[in-house]
Amino acid sequence: IIATANATVQVKDIGDAAAAISALAESRGGYVESTEIGQSVAVDGTSEPAPSDPGYGWISVRVPSAELAAVIDDLADSGDVLSSSISKQDVTSTAIDLRARVDATRASVQRLTELMSQTGTVAELIEAEVALTDRQAQLESYEQQLASLDDQVAMSSLQVQLTRTTPPTTADPAGFADGLLAGWNGLVVSLNALVVAVGFILPWLALAGAVVLVIWLLRRARR
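Residues numbered from 1 in each chain as written. Predicted model: local features only at pLDDT ≥ 70, side-chain atom pairs only at ≥ 80, totals over all residues. Heavy atoms only, no water.

**Q** Could you give me a rundown of the overall build of the protein, with the residues and numbers involved?
**A** The number of helices and strands found in the protein is five helices and five strands. Along its sequence from the N terminus, the protein presents helices and strands in the succession β-α-β-β-α-β-α-α-β-α. Buried residues in the protein amount to 22% of all 223 residues. Counting every atom, the protein has about 15300 Å² of accessible surface; 59% of that belongs to carbon and sulfur. (Helix = DSSP H or I, 4+ residues; strand = E, 2+ residues; numbered from the N terminus. Buried < 20%, exposed > 50% of the residue type's maximum accessible area, 1.4 Å probe, protein only. Areas by Shrake-Rupley, 256 points an atom, 1.4 Å probe, with all protein chains shown as cover.)

Structural data, given as structure tokens:
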């Protein structure tokens, strides 16, 4: 069974939490696979990176499979565990198939080795050597795949995403006075704008009134 896990932990300090998780993995017989503190992104499409964000980080560790659950429980010592998950994959059939291929290929290499010792002609010797080289390459490939599979089964991978705790916001005692002053200033500006608008409209209203009066007098005179 290959077990992999993911967790998200909210911490006060990203660097200290990463160091604590690293020490936790080593105390359980594991090691740190990779880590990143902060992130850098390009600014305005240029190649120059932006300053690292200290509020972001992650660390990937490998621990013995039997210790995976205990390590996830101990993450609470570094901060608040917001989420965690474990996924498992059964690779029994794959392991059995690889072991069968290793045994068959190893037997083929042994037979070819014996055949080379009994070969009489140069052509037969070259043909047997080519076949032996091919079988040995296949054997090494199967052995590496099997070793990698055994390593994944024995050592589980845990990736922890670290987020920084947001400090609580406190009320500003001067906030009310500042708001009152800003409101008064806004009222004065609005009144000034209203006075200017009225002053701008009055001449047009006087002109419109005069036109309406002339039209009314003409219509009355006709009647």
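**Q** Please set out the side chain of T8 residue by residue, giving values where relevant.
**A** The residue T8 is located in strand β1 (residues 2-11) in this model. T8 gets classed as buried once you look at its relative accessible area, which sits at 18%. Once residues within four sequence positions are removed from consideration, T8 is found in contact with D80, V81, L82, S83 and Q161. (Contact = heavy atoms within 4.5 Å.)

**Q** Lay out the side chain of S22 with the relevant residues and their values.
**A** Relative to the helices and strands, S22 resides in helix α1 (residues 14-27). For S22, the residues in contact, after removing those within four places along its chain, are V32 and I59.

**Q** Lay out the environment of L82 in plain terms, naming residues and giving numbers.
**A** Topologically, L82 is positioned in strand β4 (residues 80-89). A residue is classified by how much of its surface remains accessible, and L82, at 52% relative accessible area, is exposed. Each residue touching L82, except ones within four places of it in the same chain, is listed here: T8, V9, Q10 and T163.

**Q** Lay out the confidence of the model for the protein with the relevant residues and their values.
**A** Looking at the protein, pLDDT values average 82 and 86% of them are 70 or higher. Every residue in residues 40-52 scores below 50 in pLDDT, and together they form 13 contacts with partners more than four places removed in sequence or on other chains. (pLDDT = per-residue confidence, 0-100.)

**Q** Give me the lowdown on the pairing of β1, citing residues and values where you can.
**A** Within a regular beta strand, the side chains point alternately toward one face of the sheet and then the other, so they alternate between its two faces. Of all 10 residues in β1, seven are buried; the element is thus mostly enclosed. Direction of pairing for β1 relative to β4: antiparallel, over a ladder of nine bridges. Within β4, the residue paired with A7 across the bridge is S84. Pairing geometry for β1 and strand β5 (residues 155-164), over eight bridges, is parallel. (Pairing = 2+ DSSP bridges.)

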